[in-house]
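Listed here are the chains, written in short residue letters.
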Amino acid sequence: MESKDLLNRSADVTRSTVQKSVVVISTVPLFGAIEAKLEVVTHAYFEGKDFSQVSLLEDTLRTLNEQLAPDLLHSHQFIGLSACDLVLRYRHRLLVLFKMLLLEKRVIFSLSPVRRLTSTVLSLVSLFPKLLEVGLRNATADSSSPVPVDLDGMPLSLFTEGRLCLPYASLAQWDSVREHESFVVGATNLLFRQRSAADALVSEDEVDVGQLKKVLTLSTADLRFIESVAKIVEGHTQAEYDGGEEWVREQFRRYLEGLCAAALLEDDRCLEDFNVHFVAAWKSTHNFARWRQDVQQASVTPRSHPCAGQLVIGDLRLKLSQSLRDSESGRRLTRAVAETGRIVTTSGRAFGGAVRSSFSSVSNWLKKNPAQ
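Description of the structure in this document. (Residues numbered from 1 in each chain as written. Predicted model: local features only at pLDDT ≥ 70, side-chain atom pairs only at ≥ 80, totals over all residues. Heavy atoms only, no water.)

With that settled, consider the pattern of salt bridges. Tallied over the entire structure, the rule returns 21 salt bridges. Linking Asp5 and Lys4 is a salt bridge whose minimum nitrogen-to-oxygen distance equals 3.5 Å. You can call Lys4 exposed: its relative accessible area is 65%. In this structure, the salt-bridge partner of Arg269 is Glu272, at a minimum N-O distance of 3.3 Å. Here the residue Arg269 and the residue Glu272 both occupy positions in helix α13 (residues 268–273), the gap between them amounting to 3 residues, near one helical turn. Exposure remark for Arg269: the relative accessible area of 44% places this residue in the partly exposed category. Three or more residues are tied together by salt bridges with common partners; here these are Asp85, Arg89, Arg116 and Glu204. (Salt bridge = Lys/Arg side-chain N within 4 Å of Asp/Glu carboxyl O. Buried < 20%, exposed > 50% of the residue type's maximum accessible area, 1.4 Å probe, protein only. Helix = DSSP H or I, 4+ residues; strand = E, 2+ residues; numbered from the N terminus.)

Encoded structure:
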């Protein structure tokens, strides 16, 4: 806000504008619930135009300490974090992101505003069983404290021993962040993209995996899985369980269970369904080694890919559509077809009715068969 508007201008305000933040440090990962309570308080605090008056913040602190408790995790842990929104925004690329986190690479999310950025990162984390609840304890530290796991070895140790997860990072933190071999970082400053030595960059409409393309190419079964999830989410109504938030997380839990079983039991057919190159890369990570230590092979139930099956014509459409969306040449072709179809349609004279009909058919097919 403008410094001249302050009712009580303190000595530390030396510029024409002043920027401040209200921050809550919590041991309970109720991100959305805390944000909902803090939004109204922060607005009122700034409207007061006197930052020395902190009684409102003190009252808020007492209220949070009284109301936020670990037993709220079961019912409030996903408030403000939408798995359905991720599915509709990224479609097949969401499964790429999910698998990419398992590889412990250097990933930068570049979105704005900050709320959308942080909710995107945390919503992705929430797709992994128990990772949001207890698996982020060491996500900002170089050292690690023990994290309890269940009988299935969950949560996976994705963010331990210096493997960072920072839903938002300022430019001043970059030098510290880039010293780590593995990180998932959210940033609004475009300089992060320019200076980054990241393995992957994620924006609102693009997931650039660079040299990881072969490892992260989705199999036919993968494409079936995420397309099926996306279609059910699109048709979801409030009265239905299928297609809702809990249902989406359940689908990714089933997918991860199948992946774990395939990697441990080394079923060749199942490995192909998950992409053998990906499985080999995942088996070389710290989180896989730790999971392998935490579970007994005899306790792992053999499971197939959730969408395993024989190749059908619909799979070829999915593959083609994915290729058009994922490659630069495919995107240029799609844009060219759409633009040419628009010109022909509006002019009505460019190439005649036959050409107009042809371009219209191709354009309609692409729209009805999206890969993202």
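What follows concerns the nonpolar core. Ranked by size, the top nonpolar core spans 72 residues in total, and within it Phe109, Phe159 and Trp282 carry the most contacts. Broken down by element, the residue count for this core peaks at 11 residues, all from helix α12 (residues 245–265). Beyond its immediate sequence surroundings of up to four residues, Phe109 is in contact with Leu97, Leu117, Thr120, Val121, Leu124, Val184, Val185, Gly186, Ala187 and Val202. Counting residues in each nonpolar core, the second largest holds 11 residues, with Ile108, Phe183, Val185 and Ala187 among its members. (Core = buried A, V, L, I, M, F, W, Y, C linked by side-chain atoms within 4.5 Å. Contact = heavy atoms within 4.5 Å.)

A separate point is the pairing of strand β3 (residues 183–187). Counting buried positions along β3 gives 5 out of 5 residues, so the element sits mostly inside the fold. Bridge analysis of strand β2 (residues 164–166) against β3 gives 3 bridges, and the strand direction is parallel. Paired with Leu166 across the two strands is Val185, which belongs to β3. (Pairing = 2+ DSSP bridges.)

Apart from glycine, the bulk of residues carry a negative phi angle, and the bulk of peptide bonds sit in the trans form. The omega angle of the peptide bond from Ser112 to Pro113 is -5°, so this bond is cis rather than trans. Tracing the chain through its elements places Pro113 in the loop between β1 (106–110) and α6 (114–125). Residue Pro155 is bonded to the preceding Met154 through a cis peptide linkage, with omega at 5°. In this structure, Pro155 sits in the loop between α7 (131–134) and β2. Non-glycine residue Glu104 carries a positive phi angle of around 60°. The backbone of Glu161 shows a phi angle near 50°, a positive value even though the residue is not glycine. With respect to the helices and strands, Glu161 occurs in the loop between α7 and β2.

This part covers the sheet that holds strand β5 (residues 207–208). Taken together, the 5 strands give an open sheet; going across it, the order is β2-β3-β1-β4-β5, and neighbouring strands pair in mixed fashion. Every other strand in the sheet has two partners, leaving β2 and β5 as the edge strands with one partner each. Pairing geometry for β1 and β3, over 5 bridges, is parallel. What sits directly across from Arg106, in β3, is Phe183. In the packing of α6 onto the sheet, contacts are made with β1, β2 and β3, and the angle to β1 comes to roughly 135°. (Axes fitted to C-alpha atoms, helices over the stretch in contact; angles between N-to-C directions.)

With that settled, consider the environment of Asp205. With respect to the helices, strands and loops of the structure, Asp205 is situated in the loop between β4 (200–202) and β5. Here the alpha-carbon distance between Asp205 and Arg93, two residues 112 residues apart in the chain, equals 9.7 Å.

Moving on, we come to the pairing of β1. Most of β1 sits out of view: 5 of its 5 residues are buried. What you see with β1 is no split at all: Arg106, Ile108 and Ser110 on one side and Val107 and Phe109 on the other are buried throughout.

The next point concerns the packing of helix α11 (residues 220–234) against α12. A pair of packed helices is characterised by two quantities: the angle between their axes and the separation of those axes. Across the interface, α11 lies against α12 with an axial gap of 11 Å and an inter-helix angle of 170°. With respect to α12, the element α11 is oriented roughly antiparallel. On the side of α11, the interface is formed by Asp222, Phe225, Ile226, Val229, Ile232 and Val233, while α12 contributes Trp247, Val248, Gln251, Phe252 and Tyr255. Taken together, the residues that form the contact of α11 with α12 break down as 9 nonpolar, 1 polar and 1 charged. (Parallel < 35°, antiparallel > 145°, perpendicular 65-115°, else oblique. Nonpolar A, V, L, I, M, F, W, Y, C, P; charged D, E, K, R; others polar.)

In this section: the side chain of His286. Positionally, His286 belongs in helix α15 (residues 286–294). A polar contact of 3.3 Å, which involves the side chain of His286, links it to the side chain of Thr160. Every residue in contact with His286, bar those within four places of it in the chain, is listed here: Glu104, Ser157, Thr160, Glu161 and Arg163. (Polar contact = N/O pair within 3.5 Å; in protein donor to acceptor, adjacent residues only side chain to side chain.)

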